Amino acid sequence: DVALLQALQPASLPVALLALLRRLDVQVLLLSSAMPEQGLPMVRCVSETGSIVADWLQSHAARAVLVRPDRYAYGVASDAAGLHKLLASLDAQLR
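For clarity, every value in this text was computed on a predicted model and none was experimentally measured.

Digging into helix H1 (residues 15-23)
An α-helical turn contains 3.6 residues, so a residue and the one three or four places further along point in the same direction.
Part 1: For H1, the set of buried residues is Leu17, Leu18, Leu20 and Leu21. For H1, the angular spread of buried residues about the axis comes to 160°, placing them on one side.
Part 2: For H1, the secondary structure elements touched by its buried residues are strand S2 (27-31) and helix H3 (80-94).
Part 3: A positive phi of about 55° marks Asp25, the residue just after H1.

A short note on H3
Part 1: Between its terminal C-alpha atoms H3 stretches 21 Å, which fits the 21 Å expected from 15 residues at 1.5 Å a residue.
Part 2: Regarding H3, the residues found buried are Ala80, Leu83, Leu86, Leu87, Leu90 and Asp91. Projected down its long axis, H3 carries its buried residues within an arc of 140°, all on one side. Of the residues in H3, the exposed ones pointing more than 90 degrees away from the buried face are Ala81, Lys85, Ala92 and Gln93.

Section: unusual backbone geometry
Part 1: You will see that Ala61, though not glycine, has its phi angle at about 50°, which is positive.
Part 2: Backbone geometry at Arg71 places phi at a positive 75°, although glycine is not the residue there.
Part 3: Positionally, Arg71 belongs in the loop between strand S4 (64-67) and strand S5 (73-77).
Part 4: Looking at Arg71, the relative accessible area reads 76%, which means it is exposed.

So, how was this worked out
Residues numbered from 1 in each chain as written. Predicted model: local features only at pLDDT ≥ 70, side-chain atom pairs only at ≥ 80, totals over all residues. Heavy atoms only, no water. Buried < 20%, exposed > 50% of the residue type's maximum accessible area, 1.4 Å probe, protein only. Helix = DSSP H or I, 4+ residues; strand = E, 2+ residues; numbered from the N terminus. Arc of directions from axis to C-beta. Contact = heavy atoms within 4.5 Å. Expected span 1.5 Å × (residues − 1).

This is the structure:
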């Protein structure tokens, strides 16, 4: 799974959320040209040449989307708490 973040800085996410990302082996893509923070190996920064993803996120009032391996959106979140809830739901379904 992939979590695509816009305007949510991985280093500012709660420790419990980061632990859940690691346990679920979720790759985090940050829409940014900046380098990812040290110590967060699951984070990769990406930039888009257009604004398709940014526009899609805005149309869903989202700052994060969890994308399944088959490239369908599992769900969206507007903040870190929403992303944590989304990941907890995924974790429960996988057990």
